[in-house]
Amino acid sequence: MQRIVLSTLVMVGIFFSSTAVSQEVEKLYQRHCTACHGEKGDGNGPAAYLLSPKPRDFTSGIYKFRSTPSGSPPTDQDLLRTLKHGINGTSMPAWDRLSEKELTDVIKYVKSFSDIFEDKDAMEPPIKIVSPPQLTKKSVQAGKKVYKEMECSKCHGPRGKGDGPSSAKLKDDWDRPIRPYDFTRGPSLMKGGASSQDIYRTFMAGLDGTPMPSFIDELTEKKSWQLVHYIQSLSPSGTGSAAPKGTPTLHAVKVSTDPSLDSNAPVWKRSPATVVSLRPLWARDNWVDSVKVQVAVGPKMAAFRLEWRDLRKDDEVIRPQDFRDGVAIQFIPKVKPSDYVGIPFIGMGDDKDAVTIWHWKADWEADIKEGFRDVVQKYGVTMNQMLKQADRSSNKLNLAGRAAANPLSSSKHKAPIEVLAAKGFGTLTSQPAASQTVEGRGVWRNGVWVVVMRQPLDSGSALRQKTLPVAIAAWNGAAGDRNGQKSVSQWMELKIE
Ligand code: HEC
Ligand code: HEC
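Here the structure is a predicted model, which means the values were calculated and not measured.

Enquirer: Got a minute to help me understand the pairing of strand β8 (residues 417-422) in this structure?
Expert: Strand residues, when the strand is regular, have side chains that alternate between the two faces of the sheet. In terms of burial, β8 is largely enclosed, as six of its six residues are buried. Neither face of β8 is open: one carries I417, V419 and A421, the other E418, L420 and A422, and all of them are buried. Note: strand β7 (residues 355-361) against β8, six bridges, orientation antiparallel. Residue pairing for β8: W360 is matched across the bridge by I417. Across two bridges, β8 lies against strand β9 (residues 429-430) in antiparallel orientation. Pairing of L420 across the sheet is with S430, part of β9.

Rendered as structure tokens:
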């Protein structure tokens, strides 16, 4: 009797421990992947409506980024590469902050959505890729001929600009319009990776689920590398957007005097700058692909300086087709640093981990400056004098704020920043007046925005912690960005020491 009980207990123990593991993995998938790929892996997560291209439907068993021949499922190594790097130019983030074990587990989970991975006949060995020969003028010229011969231009265009005769009509397997890659943007935005070997793999294996074919039966080894070199030659050196690198850590500098709103203040020469890559939720040509971030913490104030390229200033929202530029910082104030990798999708937090958002808006800034102008005229001071005084002021409201509060001023806004909070999709709400304590200033010059935002370090401030999760979002009005149509970073750790 006793023995039976014991062995049942052992069995129960085994049973529990194996489900505990899979529950763990399921939780991992749910936290990180469901918002986009859906609980059932069908690509219909709550955020999917915001995204283009759409998240992969894992139940289809169709994968773009494979080292295996067309029609064959990807290897675990392929999936690992995709997860570690993310998919450039799309919303699919890099998961380099997950451990190797977590990545392997989540890959197993993703594979369980489709039985293509159990079909031993479908599994073909990866295409062999040797190390690439040297690019020469001659190999580029030869590659140009191969490009013509293979009719890459039909889709990618005679000059590789992605504008070939077939380009406008192309659809993917899910009947959604799809564009051939524009090689003049450089290889860094290629979804399947930017190295010579990556480009080689892309056209040898093809991108399943898209019109991009496999050329393995048509190309010799030699011609393939020539083609790679020709494609590389189309990229204008020094331009093209930077591909997202690994997730950086932000470091704040501690300063003895509180940082001002002046974006040229000496403190910004001393504090470390981090270039943070952003991904477009809705893919298009001119999203904000990176923001340079600096953080300074004084005795009573914490400030962020954000700088990014934007060729057109959009700070007037008058006609319905006008959209403003903007930038936002997201915090998760109540998360322990150890939990930070486990934070839910950047979207908007969830009911457990509420996010706080500081959203700077170019049109609010313009409105305040407009109100300013009235005051400047009335008192005969220059705008610069006013701004300087604003920086020295210990008043909680900056002068822009005071100008707005001034009865002479016509501005509706006290500061160009709105403080919001969210607990998951569709819960974004503006905070009450008492919480609107973030002041700021944005300056656009020669195609660059620089925005400084700061907040008093009162008892409730998240910036009193030693470390906390931070993410950045940006909107380009000229690209029609608004609300969820924006580009976003992955969560980063901000260290304040
Ligand atoms: C913000 C949305 C988003 C999140 C979160 C996200 N993905 Fe994706 N994922 C995408 C999009 C969009 C694509 C499709 C890109 C394309 O087709 O060009 C994609 C594609 C993929 C692919 C297909 C690669 C291929 O070869 O076709 C895999 C695998 C994948 N995601 C795994 C994951 C896993 C695992 C997680 C969670 C750890 C995750 N994704 C989280 C948006 C997301
Ligand atoms: C029938 C149309 C078509 C033809 C022909 C074609 N491509 Fe493509 N190609 C595409 C499409 C569509 C994409 C974009 C797929 C995506 O974004 O998911 C693409 C993407 C690419 C990419 C970028 C993949 C990435 O990582 O983002 C490369 C490199 C490429 N093609 C090379 C070639 C070469 C070289 C040839 C000729 C040997 C060729 N293509 C012929 C349609 C085509």
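Enquirer: I would appreciate a short explanation of the environment of T437 in the present structure.
Expert: Examined against the element boundaries, T437 turns out to sit in the loop between β9 and β10 (439-445). Sequence-distant contacts of T437, defined by excluding residues within four places in its chain, comprise V419, R454, Q455 and P456. A distance of 3.0 Å separates a polar atom in the side chain of T437 from a polar atom in the side chain of Q455.

Enquirer: Teacher, can you tell me more about the coordination of the iron atom of ligand 1 here?
Expert: In an ideal tetrahedron of four donors about a metal, each angle is 109.5 degrees. In an ideal octahedron of six donors, the angles are 90 or 180 degrees. All of the protein donors around the iron atom of ligand 1 are H37 (NE2) and M92 (SD); their distances to the metal are 2.0 to 2.2 Å. In this structure, the iron atom of ligand 1 is coordinated by six donor atoms arranged in octahedral fashion, with angles at the metal of 86 to 178 degrees. With H37 in helix α2 (residues 34-37) and M92 in the loop between α3 (76-85) and α4 (100-111), this pair connects stretches of sequence that are 55 residues apart. An identical accessibility class is assigned to H37 and M92; each is buried.

Enquirer: How do you make sense of the pairing of strand β11 (residues 448-456) when you look at a structure like this?
Expert: Along β11, eight of the nine residues are buried, which leaves the element largely enclosed by surrounding structure. Inspection of the sheet shows strand β5 (residues 301-309) paired to β11 by nine bridges, in the antiparallel sense. Directly across from E307, in β11, lies its bridge partner V450. Judged from the seven bridges that link them, β10 and β11 form a sheet pairing that is antiparallel. Across the sheet, R445 pairs through a bridge with V448, a residue of β11. Connecting β10 to the next strand, β11, in antiparallel fashion are two residues, including N446 with a positive phi near 50 degrees.

Enquirer: Where do I start with the site of ligand 2 in this structure?
Expert: Near ligand 2 you find 24 residues, and of these C152, C155, H156, G192 and M212 are the closest. A distance of 2.8 Å separates a nitrogen atom of ligand 2 from a polar side-chain atom of H156. At 2.8 Å from an oxygen atom of ligand 2 is found a main-chain nitrogen or oxygen belonging to G192. Within the residue set of the shell around ligand 2, elements represented by two or more residues are α6 (153-156), α7 (196-205) and α8 (221-233). When grouped by side-chain class, the residues that make up the shell around ligand 2 number 16 nonpolar, four polar and four charged.

Enquirer: Before we go on, may I ask you to explain the pattern of salt bridges in this structure?
Expert: Charged atoms that come close allow side chains of opposite charge to pair. In the structure shown here, the tally under the stated rule is 21 salt bridges. Look at the salt bridges and you will find they share partners, linking R179, R185 and D285 into a network.

Enquirer: What is the right way to read the site of ligand 1 from this model?
Expert: Residues in contact with ligand 1 amount to 25 residues; listed here are only the nearest, C33, C36, H37, K64 and M92. R56 places a side-chain nitrogen or oxygen 2.9 Å from an oxygen atom of ligand 1. At a threshold of 2 Å from the grid points, most atoms of ligand 1 map onto the largest cavity. Counting residues per element, the ones that place at least two in the shell around ligand 1 are α2 and α3. Ranked by residues supplied to the shell around ligand 1, first place goes to α3 with three residues. Its residues assigned to classes, the shell around ligand 1 shows 16 nonpolar, five polar and four charged.

Thresholds applied
Residues numbered from 1 in each chain as written. Chains lettered and ligands numbered in written order. Predicted model: local features only at pLDDT ≥ 70, side-chain atom pairs only at ≥ 80, totals over all residues. Heavy atoms only, no water. Buried < 20%, exposed > 50% of the residue type's maximum accessible area, 1.4 Å probe, protein only. Helix = DSSP H or I, 4+ residues; strand = E, 2+ residues; numbered from the N terminus. Pairing = 2+ DSSP bridges. Contact = heavy atoms within 4.5 Å. Polar contact = N/O pair within 3.5 Å; in protein donor to acceptor, adjacent residues only side chain to side chain. Donors = N, O, S within 2.8 Å, 3.2 Å for Na, K, Ca; no water. Tetrahedral: all angles 85-135°; square planar, octahedral: opposite > 155°, others 65-115°. Near = heavy atom within 4 Å. Nonpolar A, V, L, I, M, F, W, Y, C, P; charged D, E, K, R; others polar. Salt bridge = Lys/Arg side-chain N within 4 Å of Asp/Glu carboxyl O. 1 Å grid on protein atoms, 1.4 Å probe; cavity = no way out; pocket = protein on both sides within 12 Å on 5 of 7 lines; lining within 4 Å. Sits in = over half its atoms within 2 Å of the grid points.

Coordinates in, geometry out; function isn't part of it.
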